[in-house]
Every structure is written in structure tokens, then in C-alpha cells.
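Close look at the chain arrangement
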Amino acid sequence: MNLDQLISLDRQHVWHPYSAMPNPLPVFPVRAAKGVRLELEDGRSLIDGISSWWTCIHGYNHPRLNAAATEQMAQMSHVMFGGLTHRPAVALAKKLIDITPEPLQHVFFSDSGSVAVEVAMKQAVQYWHNRGQPQKNRFLTIRSGYHGDTFAAMSACDPVNGMHHLFSGVLTQQYFAESPQVRFGEDWQESDIESFEKLLVEKGDRIAAAIFEPVVQNAGGVRFYHPEYVRRASELCKQHNVLLILDEIATGFGRSGKLFACEYANICPDIMCVGKALSGGFMSLAATLTTSHISETFSSGEAGVFMHGPTFMGNPLACAVSLANLNLLESYDWKTTVANIAAQLQRELEPCRQLKAVKDVRVLGAIGVVELHQPVDMGAVQPQFVDQGVWLRPFGRLIYTMPPYIIEPDELTAVTGAIATVAKTL
Ligand SMILES: *Cc1c(COP(=O)(O)O)cnc(C)c1O
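Residues numbered from 1 in each chain as written. Predicted model: local features only at pLDDT ≥ 70, side-chain atom pairs only at ≥ 80, totals over all residues. Heavy atoms only, no water.

Along strand β16 (residues 398-401), one buried face is formed by L398 and Y400 and the opposite face, lined by I399 and T401, is buried too. Alignment of strand β14 (residues 367-372) against β16, held across 4 bridges, turns out to be antiparallel. Within β16, the position partnered with E371 by the bridge is L398. (Buried < 20%, exposed > 50% of the residue type's maximum accessible area, 1.4 Å probe, protein only. Helix = DSSP H or I, 4+ residues; strand = E, 2+ residues; numbered from the N terminus. Pairing = 2+ DSSP bridges.)

Now for the sheet that holds strand β3 (residues 45-48). The 4 strands lie next to each other as β1-β2-β3-β15, forming an open sheet whose pairing is mixed. Here the strands that pair on one side only, and so sit at the sheet edges, are β1 (30-34) and β15 (390-391).

Attention shifts here to the pattern of salt bridges. With the rule as written, the count across this model stands at 17 salt bridges. Its salt-bridge partner being K94, residue D98 comes within 2.9 Å of it at the nearest N-O pair. Placement of both D98 and K94 in helix α4 (residues 87-99) is noted, with a separation of 4 residues, approximately one turn of the helix. Assessed through its relative accessible area of 47%, D98 is described here as partly exposed. As a salt-bridge pair, E371 and R362 come within 2.6 Å of each other at their nearest N and O atoms. (Salt bridge = Lys/Arg side-chain N within 4 Å of Asp/Glu carboxyl O.)

On to the state of the cysteines. Counted according to the given criterion, the structure contains 0 disulfides. Here C273 is not disulfide-linked; the sulfur of C262 is the nearest cysteine sulfur, at 12 Å. Its relative accessible area of 0% is what places C273 among the buried residues. (Disulfide = S-S within 2.5 Å.)

Further remarks concern a nonpolar patch on the surface. Taken together, M1, L3, L6, I7 and L9 make up a surface patch of nonpolar side chains, about 430 Å² in accessible area. Position of M1 relative to the elements: it lies in the segment before α1 (3-13). For M1, a relative accessible area of 74% corresponds to the exposed category. (Patch = residues over 30% accessible without salt bridge, like charges linked within 9 Å, V, L, I, M, F, W, Y side chains within 5 Å. Areas by Shrake-Rupley, 256 points an atom, 1.4 Å probe, with all protein chains shown as cover.)

Here we take up the pairing of strand β11 (residues 271-274). On β11, burial covers both faces: I271 and C273 on one face and M272 and V274 on the other are all buried. Bridging between strand β10 (residues 243-247) and β11 involves 3 bridges; their strand directions are parallel. Among the inter-strand pairings, I245 is bridged to a residue of β11, identified as I271. In this structure, β11 lies alongside strand β12 (residues 286-291), joined through 4 bridges in antiparallel fashion. Bridge pairing links V274 to A287 in β12.

Right, let's get into the domain arrangement of the chain. Note: interface size is frequently given as the accessible area lost on complex formation between the parts. By the assigned domains, the chain splits into domain 1 (3-62 + 333-424) and domain 2 (75-330). On a C-alpha basis, the centroid separation for the pair domain 1 and domain 2 is 27 Å. If you look at the interface, domain 1 gives 26 residues, while domain 2 gives 28 residues. Where domain 1 abuts domain 2, roughly 2,300 Å² becomes buried across the two surfaces, and 64% of that area is made up of carbon and sulfur atoms. Sorting the residues of domain 1 by area buried against domain 2 places W54, W334 and L364 first, and these three jointly supply 31% of that buried surface. The tally of links between domain 1 and domain 2 comes to 1 salt bridge. Where domain 1 meets domain 2, there are 13 residue pairs in polar contact (both at pLDDT 80 or more). (Domains from an automatic or database assignment. Contact = heavy atoms within 4.5 Å. Buried area = accessible area lost by both parts, 1.4 Å probe. Polar contact = N/O pair within 3.5 Å; in protein donor to acceptor, adjacent residues only side chain to side chain.)

Right under this line is the structure:
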């Protein structure tokens, strides 16, 4: 297959994320990837400023992850998880238990973030069923959130960004609190939590759990909000007999500056979802963690079990690589690394605030955002970034970077420089 055939067959037959068919936007064929760089089929090399959607925190083709995969492949790449178990899954579960807040004790492995969210929501519903309160089967969430593309996960996404009207009648109607307005670093105002509290007071007897992304709302707008919101929400959920699910799929494993963003609020959810950077971007793996308090209700409930079991649950290859990735993260001072990235992003993106197209510049951890007044035309700006040797994928009014932690200062400067150059032309 030559390059022209590849591109033409791709256009004819292959869906890409959020793409149109026919007539999709152009895509860039990649031949290989190493460190922070993507190597295109046409020979160009790009610095990946968004870590393949926030996953490859240690870059591509990392020797330690490759070695873990190779070793595991020599044993077995997959076996079913029903009735069988294996070292990679058990060791990874133990590691996740050790690094997350202490009350989280049970790990459910799944294949993607969306499924980890489905599992969390299903566990919350079944928990109340187990406890004889099946009417508690709705969810409270906050606007501007994103939790995945499957139906239950989608029902908790921002209703406008998530185009809920397209699926009305199919999606369960959840309860939406206003998005937090007090930003990370500003003075807390108790009025910010009022809308969340009001829904708990009015609808608490219907609500199984609150679900949201702690401190950083990611795909729903890359917004950084006050940790006190998370702490107060957790407190209010307890008061109103509602479980708390935290979606740490994007924030987990250091991205926000803490290992998990819930640490900013010093709280522990009843259920936590992780994914994305879990395997270092090597392959798809996600997990849902629960406290013993939740898990204990299942054996005594009507079903006697938790009703979920993916075919590829606990895939040994994904677990082995993920364990290597978490061990790698523990092996160096990632906190300082992320803090240095944050300082550099702040320094180098801040001048963009002066540009007429720019509404806001914000940084938290290894996340840098330049928010524009108008939505970007992706078809136009994507090639501009590629021409500058950088891979970024803006959406809506946002140009953002979430670089691999291994990025060097001069490479990060290339990313922020490209952002400034493009923002100037808008
Ligand atoms: C990406 C993401 C998901 C969905 O994960 P997938 O692996 O794409 O299914 C869920 N929640 C958050 C916060 C995410 O960022």
C-alpha cells in the first residue's frame, strides 16, 4: 500500500473520533513514535504536545514499558478473567490500592474510560438496589463535565457540549448543577456550591451518586476550579445519603500536580475511575475503585454479585505495562517535573493574554490552556501546527497542551511558541 492508497482507503472506510463520513477532515498518517515525537509517513517529525490525548506521560516507545510488554507476551498476552487470575492484574490492583486514598480497596478492570464510568454508575445503582432503595437510580453531576461516549457516561456529560438533544428519549435525564465559577487559586465563595446543594436537598431521594471530575474539568472545557467545591460536595453527599464518584480518568497520575486531584481537597470518594495515563498510553486500560463499604453490599443483594464482566477484563499485557508505568512514575521526582512544566507553561503562555483573539490563559500542573473568544477552525489550524513541527488538537475555543512529563524545556518552548504563533494569526 503506498501513501496515497493509505490516505484514500482511510478516507473511504475508516471512522476517526468525532469525524464525518464521507468527507472527513484530513488526517496525518504516522509511521512510528518515540519519546515525545511522532514520525509521520512523509518523514516529518512532530513534538506531541498533548500526549496522545493525555495518555503517554512517559512518551512513546519507552524501553521499560516495551520490556514489560515483551516479558508478559512471552508468558501470555490474554486469558479470560472469569474463574482465572494472574500476577499482572493482582500486582496492578495492589499498586492502585496503595497509591489511591486508603478507603478504596477493590478494583474493577475494564477496557476504556467510558466503561470504567459505566461500571461506576452501575455499581452505584446496584448498591442502592442491594440496600432496598431501588428508586435511588439517578445521578447528580455538574455542567461542563465529560465522562465518555457510551450512553450512561454521556448522560452525565455537559448537556450542551454533549449534544443531549440528539439523543433525547434515549439518554437518562440526570440532575445538573451549575459549573463551578470560583477558580483554582481564587478565594472560595460558599455560593458556588449552592446549586449542587439545592439539587441534593430537592432530589436526594432519587439520586444514587454524584459524579464529576475533581478540580479539573477536562474535555468539557479544561477548567480549573476550587478544591473547596470538591470538599464541600463530598461533605454534602454524605449528609444527603448520596454516593460520590470521582472521575480521575484525565486528572489521575500526576497531571494536575497531585497524584490524584482529589488530594487537593483531601477527600476520598466512594468510587473512583482511572484510565488514560494508567498504561502510559501504551494500550487501553481503565479501572474503577471502590471502598469496602460499597462492595460489601453486593454479596447480600438480590443478584448476589456485581453484574458486569468484560471479555477482556484484566488483560495481562495491559496490566503488566501499566504496572511498569506506575513503577516508572514512582522512580523519579515527578512532582518537581510537573511543577517545572507548570512554571514554564505559565511563563511562556502568559504573554498570549495580550493577543486580541485570546480571552484567557491558565495553567495547572502539566496542563496549559489558551482560551480564545471564538471557536477555532480545526481544519485550518491543525496543519499550521504540523507545519511548525508540533502536534496539538484544539477544540472549541481552546488551544491546550498536556505534554508528556519527559518533554525537555526546549521542546516545550517549541510547543508554546507554536501556540503563540497560531494565536497571533487568529
Ligand atoms: C477520556 C475521558 C473519559 C472516557 O475515556 P475513554 O477511554 O475515551 O472511554 C472519561 N472521563 C474523563 C474525565 C475523560 O477525560
